[in-house]
Structure formats: C-alpha cells, structure tokens
Amino acid sequence: MKNFLLSISVLALISTGCKLLCTDPGDGGPLDPGHSTPTVTLTPTSTPSGSETPAPTCPYVSQWGTLGSANGQMNQPIELASDTGDNIYLSDWGNNRIQVFDSNGNYLRQWGTGGSGNGQFNVPIGIDITPSGTVYVVDVYNYRIQYFTTTGTYLGQWGSYGTGNGQFNTPWGVAVDGSGNVFVTDEWNNRVEKFDATGTYLGQWGSYGTGNGQFNYCVGIAVDASGNVYVSDHVNGRVQEFTNSGVFLNSWGSTGSAPGQFNHPQGLKIDAAGRIYVADDQNSRVQVFDSGMNFITMWGTYGSADCQFIRPTGIEVNSTGDVFVSDYGNNRIEKFHP
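Residues numbered from 1 in each chain as written. Predicted model: local features only at pLDDT ≥ 70, side-chain atom pairs only at ≥ 80, totals over all residues. Heavy atoms only, no water.

Enquirer: Can you explain the overall build of the protein chain? Please cite residues and give values.
Expert: Looking only at helices and strands, the protein chain features one helix and 26 strands. Out of the 338 residues belonging to the protein chain, those deemed buried represent 61%. The contacts in the protein chain between residues at least 6 apart in sequence include a share of 50% that link residues at least 24 apart. Put simply, the protein chain shows about 11600 Å² of open surface, and 49% of that area lies on carbon and sulfur atoms. (Helix = DSSP H or I, 4+ residues; strand = E, 2+ residues; numbered from the N terminus. Buried < 20%, exposed > 50% of the residue type's maximum accessible area, 1.4 Å probe, protein only. Contact = heavy atoms within 4.5 Å. Areas by Shrake-Rupley, 256 points an atom, 1.4 Å probe, with all protein chains shown as cover.)

Enquirer: Before we move on, can you summarise the side chain of N87 with the specific residues and values?
Expert: Relative to the helices and strands, N87 is located in the loop between β2 (77-82) and β3 (88-92). In this structure N87 touches A81, S82, V100, F101, D102 and L108, once residues within four positions along its chain are discounted.

Enquirer: Describe in detail unusual backbone geometry, supporting the description with residues and values.
Expert: One non-glycine residue, C307, adopts positive backbone phi at about 70°. Structurally, C307 is set in the loop between β22 (301-302) and β23 (308-309). Using a relative accessible area of 2% as the deciding quantity, one classes C307 as buried. Of note, the phi angle at R311 is positive, near 80°, even though the residue is not glycine.

Enquirer: An account of the state of the cysteines is needed here, citing residue identities and associated values.
Expert: The full count for this structure, using the stated rule, is one disulfide. Residue pairing for C58: its cysteine sulfur links by disulfide to C307, the two sulfurs lying 1.7 Å apart. In this structure, the disulfide formed by C58 and C307 twists by about 100° around the S-S bond and is classed as right-handed. With C58 in the loop between α1 (10-15) and β1 (60-64) and C307 in the loop between β22 and β23, this pair connects stretches of sequence that are 249 residues apart. (Disulfide = S-S within 2.5 Å.)

Geometric values such as these leave the question of function open.
The structure is reproduced here in structure tokens:
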C-alpha cells in the first residue's frame, strides 16, 4: 500500500461474499482479482498528505453512519448518488446492499444481499440514477450492471466476465447522460464502455498507458450537461475529459498534494453550474474545479474528526448544492455546503 492500509478483516469479506481480492480502493491496484484477500489495519504507514488540522473554512454541515450492518450503519461505504427528491443512495460495499437516506441522513430503506441472483450483489460500487428514477448499480464481482426502481424493485441486468464488447473485468463506476446512455468504467480492462438504457452495447474507448485517452485503472466517472464524459484515471493521478463518443478532449492533474494535484482520485461529480468535484482519495480531501478545469477550492485532511477523512471515495451534489462524501475508512457520510 502506498500511503496507508485500511482495516478489512478476512472473515468480514468472506461473509459478504467477496470471493476474490477486495482491497481498499486506492492502493494503486484496487480490487485486484489476481490475488488473495489480505488482512489490513487502519494504522497509517506514513504521514498522509496535508495538515492534520481541518481548514477553518471547511464547509462542514453534518455526518451520519457507524460501522455495522444494521439500518443506517455501514461497512466500507463507497459510492453515492441522489434522486430528484435529493435522497442519497449509498453503495454499502461490505454489506452488499444499497441504502437510501434523506438529505439529513435519516434512514429510509435498503435492498440487496450477498449473492449472484437478481437483486443480489457481490461488492456493489458505482451507482447513478436517472431523472425518471432508474437506479444503475455496478455489481463488481458478478461482472454486471443491475438496474432497479428507486424502491429497489429489480428491472434488469447485463454483463459477464471477459474482455469482449459488453463484458467486464472489475467494473467500477457508472454514469448516465441526458439521453439515457450508460457509461461504465471497466477498470481492469482500462476502458470505458457505453450502453443504451437496457444494456445494448454502443461502443468503448481506452487502453492501458499514460497517454491521452489511456488509463491506469479508470474508476470514477461523471457526465456533464453537454454530454462530455469525465474519468478518474486513478494511478495516473489525473482526470480526463472525453466527448460522448470517447474522443479525448482534455486532462488535468498529476501525482502530488498541491492544489490541482491528486493522489489516486476516485469519485467524480458535476453540479448544475458545471463545477467538478473530485474525491482525492489518498490526499484525504475534496477538490473543486470550474468547467475549465481551473482549481477553485478544497477541503479535508486525514483523520476522524469533522471535515476529516480516511479515504474519501464517493461524492454527490444535490439540487441545493449540498455535497455528500462517503468516508470509506470512517464508515460514514459527511455533508458539506460550500
């Protein structure tokens, strides 16, 4: 692990049906299917980037969540989405379920159990919701995308293990554009795949490398109002922008801890004004950029206090501008209003 190791017990992973490697998602090789599951701890192996004291301008509002499997508890919360009512949907990785909260953190409902049947999960990660209320979930180790109503009624699925069109090798993120097209980051195949709303394959782009349009573990993904697609290029320490059909447009970022640099960027979200929010995982912070990729602000440091993070992985912005961050290592969601 490059910066620190995150506590995941072998028994907990076995009980949630994670058959392959479920490492913490940011060690330079997240969810490596070629190794066995490690036992790790939360002890930092080196000093995390940034100050140990939260910035006084942090726009912290509130938080919720503790470690566990009861309603409202979490076991490795990973990605977030919101519906038109500003309810927050959480991929609760270690509990193999989706949980739903209102914007103040009150528990509403959940669905999912460990398994490979319809509506079951083997490590749910990416999640996105259409304006009409279709919820897409990346079911990582079942190598598929499942989709549901906002109350958890199963609607359909697609995908299998492999490198062919419409297949996946550790899919991670999902984003839906205004036309209903579904984009999936196929992490270990180092590509983005594009589908229609029911899973018909439409195209793909990407390969392994450091050049424009190449990836070294593509994870987070978001689509702006114009249909352009943004991808977190995890190990390359950058975010790349593409047209809706995959033509490379731009990239920004490099590995580091200065403003505009990243240490394993994860979740992405774009608000109504076009601002781009990045969960800068191993820098333990959120960074915000304008639509021209210019740095605006950032907040967060390593720790467990308010406005601190141990592995911020997922991010969501609701219609009122509230920002929600899944704090993976602290098993909670933090709410901000920048």
